[in-house]
Amino acid sequence: MRLLQIDTIHVVARSPYLVLHSRLGDYPPNWLDEALAEGRLAECWAHEACFVTASDIGLHRSSLVHRAHHWSYRNAERMHREQRADMDALLERIRETGPVRAADFARADDAPAVTPGWWAWKPEKRWLEAWFALGELMVKRRERFQRVYDTAENVLAGLDPPFDPSANALSTSELRRRFIVDSVRALGVTQAGWIADYYRLRPAVTDKELTSLVSSGELLVVNVQGWKVPAYVHKDHAGLLDKAMHGRLRATLTTLLSPFDPLVWDRARALAMFDFEYTIECYTPEAKRRYGYFVLPILHRGKLVGRLDAKAHRATGVFEIKAMFLEPCVSPEATLISALAEAISGTARWHGTPKLRWGRSQPAGLGKLLRAACAQTSS
């Protein structure tokens, strides 16, 4: 995948942990925190705010100066122009006294009440985030998911493998080529128009631009039934491509996906690849939501077959399924019900919320079938 998008919503699990659970199953969530603290991962702006491998951080730091179009970089530059003295003083303090959290700074008594959104952050939090976007600060570790900021030079010195400054010597065109190739590898099979979104590249990637990568053998070009444009596969996936073309590549996994999973974050791709129309509704007013606040797409044997709105009540050990919907063309056959019961029960246990609470479901009768299957699974 090359990266894990970070999001702070945790009505279920926070997104990067859930993305890993979809692929690894019942793993210890502290693995991610340990990998960051040990320097095997780093945080930076990529698709959005993301965890990336330590070996890739040089590429992302090199691309900082080429990301002037991104809102995080633009906002940070503007904030530094307007609040230079305070931001510089904060950076100097960290250089002198060591890592800090936003929680280490008290909110002034006359500060406005906290409301949702970054604009409600206290000044120090905004300055820390601005220096992070500008690359002067990095995240050394997380404590209860709170970022612990340190100077970039200190964090880079502790990475494993060690940070290679020579990566910063790549030209703009070389960086773009690398990000394009890595995006195709991560996407599996892709149209040219879907590539730029992975690392938020500008301008959009075109078939013409990919010609040289096909000629060099780095990318393979294929035709996909039903697509009117060429498709691209990374050379490392030639073996999988051969299996797919001969009908020997079979999907077997059933799992719940994060709304910020790279499988679905590009809505156009999700629609074209899976005929699955998906919108994250946590940012939509409640009255206008169609499916729910934190809706998890359901992946079943290579198809997106439905969605589930869930909430983990950790204090009481309850995993609440507020609503569940199968796609109109999907029928609740026995094999699907059994696989869904395993996926839901497994996810609930991993959260430490093994007791299931059921809400509404569609089609009619789906909930009854799943309750029975989950009870059998738990027994």
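All figures in this text were calculated on a predicted structure; none of them were measured in a lab.

K.L.:
I'm lost on the overall build of the protein in this one. Help?
P.N.:
Looking only at helices and strands, one finds 14 helices and 12 strands in the protein. Counting only C-alpha atoms, the protein reaches 65 × 60 × 35 Å along its principal axes. A buried classification covers 49% of the 379 residues belonging to the protein. Long-range pairs, those at least 24 residues apart, make up 60% of the contacts in the protein with a sequence separation of at least 6. In the protein, which carries 51 positive and 44 negative side-chain charges, the distance between the mean positions of the two groups comes to 6 Å.

K.L.:
Before we go on, may I ask you to explain the environment of Asp7 in this structure?
P.N.:
Mapped onto the elements of the fold, Asp7 is located in the loop between strand E1 (3-5) and helix H1 (15-24). The buried category is assigned to Asp7, whose relative accessible area is 11%. When the C-alpha positions of Asp7 and Gln191 are compared, they lie 27 Å apart, and in sequence the two are 184 residues distant. Excluding anything up to four places from it in sequence, Asp7 contacts Arg14, Ser15, Pro16, Phe145, Phe260 and Tyr283.

K.L.:
Just to check I follow, could you spell out the pairing of strand E12 (residues 355-362) for this structure?
P.N.:
In regular strands, side chains alternate between the two faces of the sheet. Bridging between strand E11 (residues 318-326) and E12 involves seven bridges; their strand directions are parallel. Looking at E12, one finds that Met324 is bridged to Ser361. For the crossover from E11 across helix H13 (residues 334-351) to E12, the handedness is right-handed.

K.L.:
Hey, could you run me through the nonpolar core in this one?
P.N.:
Soluble globular proteins tend to pack their nonpolar side chains together in the buried interior. Of all hydrophobic cores here, the largest spans 77 residues; its most connected members are Leu128, Leu308 and Met324. If near-sequence neighbours (up to four positions away) are discounted, Leu308 is found in contact with Phe294, Val295, Leu296, Ile298, Ile321, Ala323, Met324 and Ile344. Among the nonpolar cores identified, the runner-up in size contains 33 residues, and Ala46, Leu59, Val155 and Val184 belong to it.

K.L.:
Quick question: what am I supposed to make of H13 here?
P.N.:
For the α-helix, the turn length of 3.6 residues means that residues three or four positions removed from each other point alike. When the terminal C-alpha atoms of H13 are compared, their 26 Å separation across 18 residues agrees well with the 26 Å that a helix rising 1.5 Å per residue should span. Most of H13 is tucked away: 13 of the 18 residues are buried. Downstream of H13 by one or two residues, Gly352 has phi in the positive range, about 80°.

K.L.:
So what exactly am I meant to see when it comes to helix H12 (residues 267-274) here?
P.N.:
Every buried residue of H12 is accounted for by Arg269, Ala270 and Phe274. Down the axis of H12, the sector holding all buried residues measures 100°, keeping them to one side. Buried residues along H12 sit against helix H8 (172-187) and strand E10 (303-313). The N-terminus of H12 is capped by Asp266, whose side-chain oxygen sits 3.1 Å from the backbone nitrogen of Ala268. Note on H12: the residue one or two positions beyond its end, Asp275, has a positive phi of about 55°.

K.L.:
Would you take a moment to explain the packing of H13 against helix H14 (residues 366-378) for this structure?
P.N.:
A pair of packed helices can be characterised by two numbers: the angle between their axes and the separation between those axes. One way to put it is that H13 packs onto H14 with a least axis distance of 9 Å and a crossing angle of 65°. Crossing of H13 over H14 shows right-handed handedness. Listed contacts from H14 to Ile337, Leu340, Ala341, Glu342, Ile344 and Ser345 of H13 are Leu366, Leu369, Leu370, Ala373, Cys374 and Thr377. The residue makeup of the contact of H13 with H14, split by class, is nine nonpolar, two polar and one charged.

Definitions and limits used
- Residues numbered from 1 in each chain as written.
- Predicted model: local features only at pLDDT ≥ 70, side-chain atom pairs only at ≥ 80, totals over all residues.
- Heavy atoms only, no water.
- Helix = DSSP H or I, 4+ residues; strand = E, 2+ residues; numbered from the N terminus.
- Buried < 20%, exposed > 50% of the residue type's maximum accessible area, 1.4 Å probe, protein only.
- Contact = heavy atoms within 4.5 Å.
- Lys, Arg positive; Asp, Glu negative; His and termini not counted.
- Charge placed at Lys NZ, Arg CZ, Asp CG, Glu CD.
- Pairing = 2+ DSSP bridges.
- Right-handed = clockwise from strand over helix to strand, strands pointing away.
- Core = buried A, V, L, I, M, F, W, Y, C linked by side-chain atoms within 4.5 Å.
- Expected span 1.5 Å × (residues − 1).
- Arc of directions from axis to C-beta.
- Polar contact = N/O pair within 3.5 Å; in protein donor to acceptor, adjacent residues only side chain to side chain.
- Axes fitted to C-alpha atoms, helices over the stretch in contact; angles between N-to-C directions.
- Left-handed = near helix turned anticlockwise from the far one by under 90°.
- Nonpolar A, V, L, I, M, F, W, Y, C, P; charged D, E, K, R; others polar.

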